[in-house]
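# Geometric and topological summary
Now for the letters of each chain:
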Amino acid sequence: MDAYQQVIDTLSSCKRVLLTTHIRPDGDALGSTAALAMGLKAQGIDAEILLLSHLPTKYAFVYRDYALIHHDAESGWPAGLSLDAFDAFVSVDTGTWSQLPGLKEKVLAYQKPRVVIDHHLTQEDWADVKLVVKEASAASEIVGELLTLWEVKIDEKIATALYLGLVSDTGWFQYSNTRPYTLRLAALLIEAGVNTDRLYQLLYQNERKERIALQARALQGLELLQDGRLAVMRIGKSDFDETRANVPDTENLINLPLQIATVQVSILLTEPRDFGPVRVSLRSKGQIDVAKFAEQFGGGGHARASGLKVDGDFKEAHDKVVAAMAKAMS
Ligand SMILES: [Mn+2]
């Protein structure tokens, strides 16, 4: 049976559904879960969202404007929240346990339907129903299609949440993952009432000065290797302290070195502020598959955008990843 219809059939028989998405949710993670929650409500199904990180301020409007219920598990499992109180568990925009810290044991023990709606290449085989569309630019694209097939009216609120997801994952329709369907859906969403000007200002003209200061520091330390094909940036603890920036302020920084003509791959290494692994983000213009590269370190993602984590000392982790990429590119 068609995977879309399988999801519709599974969710149709539910009274109450718990949605979740990956840790450090981006605009697509939040937009797609928000749109699905509203779509479920339109079908008379209660939906709540479990977030594994605090709701990012920049995107908070997409939950708050529409009074969506979310539970915050960043500092521990929310008191009183039980999976068993829900008739289905849906993970949107990820199907990978490493992106769902703290959930594996609970979800594997859960006796009711587990659904994954995702567009990432890297998948693990645990869901009962999987709707994975790798050509989709964003999970929001898949949710948009799902709600349309389910005959949910795409009102201005749902359209705004979906549009947020599309523009977040396509860099406002600039990246190569933008396909004709993405733009057709975007056109329908604008017709449904999305205020694109407001959204553009919220996303791109709404930065904290601390974030720009962090970007300036990271760019000052930019190193070009492999005849200028490999760009490496690092953000250390002291960079956060001295600019008063936070981890979410690193978002999109990874893309800046791609402006340089010779650069094929951009790597950003972020030292943990307190404890935890070194975070490594990777971007590629297409010559190198950075999802495959990340897999050798237990990470994953897309061919042109991926991430991984390395335990231990910042310098050692840095040298290990940079040496491996230099080798892959030589
Ligand atoms: Mn996504």
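Each chain carries its own residue numbering, running from 1 in the written order of its sequence. Where local features are concerned, this predicted model is filtered to residues with pLDDT of at least 70; where side-chain atom pairs are given and counted, the filter is 80 or more; whole-chain, interface and lining totals use all residues.

### A few points about the overall build of the protein
For the protein, the helix and strand inventory stands at twelve helices and twelve strands. Relative to the globule expectation of 20 Å for 330 residues, the C-alpha radius of gyration of the protein, 20 Å, shows essentially globular dimensions. Projected onto its principal axes, the C-alpha coordinates of the protein cover approximately 55 × 45 × 40 Å. Buried means a residue has 20 or more other C-beta atoms within 10 Å of its own C-beta, exposed means 12 or fewer, and partly exposed covers the counts in between; C-beta atoms are placed from the backbone. When burial is assessed residue by residue, the protein has 41% of its 330 residues classed as buried. Residues are scored as being in contact if the C-beta atoms we place from backbone atoms lie within 7 Å. Excluding contacts between residues fewer than 6 apart, the proportion of contacts in the protein whose partners are at least 24 apart in sequence is 64%. Numbering goes from the N terminus for both helices and strands, where a helix is a DSSP run of H or I of at least four residues and a strand is a run of E of at least two. To get the radius of gyration, use the C-alpha atoms; to get the globule rule, take the number of residues to the power 0.38 and multiply by 2.2 Å.

### A closer look at the pairing of strand 10 (residues 278-284)
Burial analysis of strand 10 places seven of its seven residues in the buried class, which makes it a mostly covered element. A two-sided burial pattern is seen for strand 10, the buried positions comprising Val278, Val280, Leu282 and Ser284 on one face and Arg279, Ser281 and Arg283 on the other. Inspection of the sheet shows strand 9 (residues 265-270) paired to strand 10 by six bridges, in the antiparallel sense. What sits directly across from threonine 270, in strand 10, is arginine 279. Only strands that DSSP links by at least two bridges are regarded as paired with each other.

### Comments concerning helix 6 (residues 156-170)
For a helix, the expected span equals 1.5 Å multiplied by the number of residues minus one. With 15 residues, helix 6 should reach 21 Å at 1.5 Å per residue; the first-to-last C-alpha distance of 21 Å fits that figure. Among the 15 residues of helix 6, 13 are classified as buried, and the element is accordingly described as predominantly covered.

### As for the sheet that holds strand 8 (residues 230-235)
Taken together, the six strands give an open sheet; going across it, the order is 7-8-9-10-12-11, and neighbouring strands pair in mixed fashion. With partners counted over all chains shown, the strands left at the sheet margins are strand 7 (223-225) and strand 11 (300-301), one partner each. Pairing analysis gives three bridges linking strand 7 to strand 8, with the strands arranged antiparallel. Directly across from glutamate 223, in strand 8, lies its bridge partner valine 232.

### Some remarks on the sheet that holds strand 1 (residues 16-21)
Strand order in this open sheet of six strands is 3-2-1-4-5-6, and the pairing throughout is parallel. Among the strands making up the open sheet, the edge pair consists of strand 3 (70-72) and strand 6 (129-132). Taken pair by pair, the neighbouring strands of this sheet meet at an average axis angle of 20°, ignoring direction. As paired elements, strand 4 (residues 88-92) and strand 5 (residues 114-118) share four bridges and run parallel to each other. Paired with serine 91 across the bridge in strand 5 is valine 116. An axis is simply a line fitted to the C-alpha atoms; with a helix, the fit covers only the stretch in contact. Between two such axes, the angle follows the N-to-C directions and lies from 0 to 180 degrees. Along the sheet face, helix 2 (residues 27-42) touches strand 1, strand 2 (46-51) and strand 4 and points at about 170° away from the line of strand 1.

### Here we look at the environment of valine 322
Looking at the secondary structure, you find valine 322 in helix 12 (residues 314-329). Note: C-alpha distance between valine 322 and isoleucine 267 (55 residues apart in sequence) is 8.1 Å.

### Structural notes on the domain arrangement of the protein
All the domain ranges listed were derived from an automatic or database domain assignment. The domain boundaries assigned to the protein delineate domain 1 (3-204) and domain 2 (209-329). The C-alpha-based centres of domain 1 and domain 2 are spaced at 27 Å. The partner domain 2 presents seven residues to the seven residues of domain 1 that form the contact. Among the residues forming the side of domain 1 that touches domain 2, the class breakdown is two nonpolar, five polar and no charged. Three residue categories are used. Nonpolar comprises Ala, Val, Leu, Ile, Met, Phe, Trp, Tyr, Cys and Pro, charged comprises Asp, Glu, Lys and Arg, and polar comprises the others, including Gly.

### Observations concerning helix 12
Over its 16 residues, helix 12 extends 22 Å from the first C-alpha to the last, a length consistent with the 22 Å expected when each residue adds 1.5 Å. Every buried residue of helix 12 is accounted for by Ala317, Val321 and Met325. Projected onto a plane normal to the axis of helix 12, the buried residues spread over an arc of 55° and lie on a single side. Every exposed residue of helix 12 that faces more than 90 degrees away from the buried side is listed here: Glu316, Asp319, Ala323 and Lys327. Elements in contact with the buried residues of helix 12: strand 8, strand 9, strand 10, helix 11 (290-295) and strand 12 (305-310). Taken from the helix axis, the directions to the C-beta atoms give the arc we talk about.

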